[in-house]
Amino acid sequence: MRGMPESPKLFSFEFITLCLILIAAFANVSVFYSFYHYLGAIGIPVAWRGFLVGLEPLASLILRLFVIPWMSTRNAVIILPVALVLISAVSCAYLWALTIPAIVVLRIIHGGAFVLLTSAVIALIVRFIPQEKSGRGFSIVSISMMIPYAVIPTLAEALLPYVAGDAVVYAGVSVFSLLSIFPAVAVKRRAKRIAAGMDEASAHLPRLDELRENFRRRSVVLLLGAALLIYLAHAAVFYFVKDLCLQNAVGEMGPFFTISMVMMIAVRVFGGTIFDKPDKLLIFQTGLVLLIVCLFLLARIDTHCTLYLQAGLYGICMGIILPLLNVLLFSASAPPLRGMNTNLTLFTLDAAYFIMPYVGGLIITFGAGFDVIFFLSAGFIIFSLLLAMLLARRQKQR
């Protein structure tokens, strides 16, 4: 059977719909920015709160290992609407989960539902991104993942005075995933026809020999290593910038994340064509160099003005780095394994968001300041830059 021809059209119905579903998926995660505080409000002991916050990304980390090799295009078509129903039910269940055992079970199920949903979307969306427009395509995919982090916390804070508590807001976010079920069914019908017309190499589960060959590709391994290091730095900023501001006598961090997310989205909207330039790797390396400078400067902030300037620079850096990381990995991967490798970047994200709170906590426990965490993060990015330089050297030798 003939493989699916890649269409030059990027903004297809399927691509737009899957991006909207990604927004709904990440809305169900970004709304839990207040979960630590909420656990205190319902009487959960301090010793349990950090564990319960980290349990969802830990569950995602472990489950994604099993889901990624299994998530073929054909399986993703079936899983997508089921995962949307499941994550909607989980979001609503927080209204009744008020004990530690109940929350443990719920966080594990939540992690599983998120993994199934995002893995299914990624496995499908890579089929609707033309090779020649992969830069713009992954730029838009990245924007879809970031929009909830810029919008949902602010929206939730505006709603909280008018509702009974945080759990009501968690349940309310399920509206987005419930509304996504209907377009997901339409995508399912179209994707089924496409999967039926694809050759076996593109639609089947990866074979063991294909997986071995995938991880023998140095470019794939180097880029996944860089992804983990980048996301470790990203997690450090997400978890510790507020405490850094307090340590450095800056005060409250204010709209740090709003500024950084707006700049990140602006780079991806207005700089989309840059990501399709031939010298993608050079632009990626430039973004890493700027991020190293940004993290060093961020560790030394002393005023709100410098904080907000660094928020803008941080957003620009991540707006360049993250979509190009996906584009480079997309290009380095064999076509049947592009969905799996893109899902592996989400695995590195899960790993980073689980590892970094504990690493940062250990650093603080031994008496170091929060600035040390940011210097360590700059070190992570230096190592990722070295990996990118090794990749560049390998490409020149070909």
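Everything that follows concerns the structure shown earlier in this document.
Below is a summary of the structure that appears in this document. (Residues numbered from 1 in each chain as written. Predicted model: local features only at pLDDT ≥ 70, side-chain atom pairs only at ≥ 80, totals over all residues. Heavy atoms only, no water.)

Ranked by size, the top nonpolar core spans 110 residues in total, and within it Leu 18, Leu 80, Leu 117, Val 237, Phe 284 and Phe 374 carry the most contacts. For this core, the leading source of residues is helix H11 (residues 218–247), giving 17 residues. In this structure Phe 374 touches Ala 236, Val 237, Phe 240, Val 241, Leu 244, Leu 295, Leu 298 and Ala 299, once residues within four positions along its chain are discounted. The next biggest cluster of nonpolar side chains, apart from the first, holds 20 residues, and it includes Tyr 38, Ile 44, Ala 156 and Val 169. (Core = buried A, V, L, I, M, F, W, Y, C linked by side-chain atoms within 4.5 Å. Buried < 20%, exposed > 50% of the residue type's maximum accessible area, 1.4 Å probe, protein only. Helix = DSSP H or I, 4+ residues; strand = E, 2+ residues; numbered from the N terminus. Contact = heavy atoms within 4.5 Å.)

Let's shift gears to the side chain of Asn 326. Relative to the helices and strands, Asn 326 is located in helix H14 (residues 304–332). Ignoring sequence-local partners within four residues, the contact set of Asn 326 consists of Phe 138, Ser 142, Thr 342 and Thr 345.

Counting across every chain of the model gives 1 salt bridge. The closest approach of N and O atoms between Arg 64 and Asp 350, which form a salt bridge, is 2.6 Å. One end of the pair, Arg 64, is in helix H3 (residues 46–70); the other, Asp 350, is in helix H15 (residues 338–365), and 286 residues separate them in sequence. Grouping residues by exposure puts Arg 64 and Asp 350 together as buried. (Salt bridge = Lys/Arg side-chain N within 4 Å of Asp/Glu carboxyl O.)

Looking now at empty space enclosed by the protein. All chains considered together, the criterion is met by 3 cavities of 30 Å³ or more. Empty space within the second largest cavity amounts to approximately 50 Å³. Together, Phe 138, Val 141, Met 145, Tyr 231, Asn 326, Thr 342, Thr 345 and Leu 346 line the second largest cavity. Elements that contribute at least two residues to the lining of the second largest cavity include exactly helix H6 (134–159) and H15. Grouping the constituent residues of the lining of the second largest cavity by class yields 5 nonpolar, 3 polar and no charged. (1 Å grid on protein atoms, 1.4 Å probe; cavity = no way out; pocket = protein on both sides within 12 Å on 5 of 7 lines; lining within 4 Å. Points joined across faces, edges and corners; volume = space filled by probe spheres on them. Nonpolar A, V, L, I, M, F, W, Y, C, P; charged D, E, K, R; others polar.)

It is worth spelling out the packing of H14 against H15 at this point. For the pair H14 and H15, the least separation of the axes is 9 Å and the interaxial angle reads 145 degrees. Crossing of H14 against H15: the hand is right-handed. Residue-level contacts link Asn 326, Leu 329 and Phe 330 of H14 to Arg 338, Asn 341, Thr 342 and Thr 345 of H15. Residue composition of the contact of H14 with H15, by class: 2 nonpolar, 4 polar and 1 charged. (Axes fitted to C-alpha atoms, helices over the stretch in contact; angles between N-to-C directions. Left-handed = near helix turned anticlockwise from the far one by under 90°.)

All chains considered together, the criterion is met by 0 disulfides. Free of any disulfide, Cys 294 has its nearest cysteine sulfur in Cys 317, 5.2 Å distant. Residue classification places Cys 294 among the buried positions, given a relative accessible area of 0%. (Disulfide = S-S within 2.5 Å.)

With that settled, consider helix H4 (residues 73–93). For H4, spanning 21 residues, the distance from its first C-alpha to its last is 30 Å, which sits close to the expected 30 Å at 1.5 Å a residue. A bend of about 35 degrees at Ile 79 is the largest found in H4, and the proline Pro 81 appears one to four places after it. (Expected span 1.5 Å × (residues − 1). Bend = angle between axes of the 7 residues up to and from the residue.)

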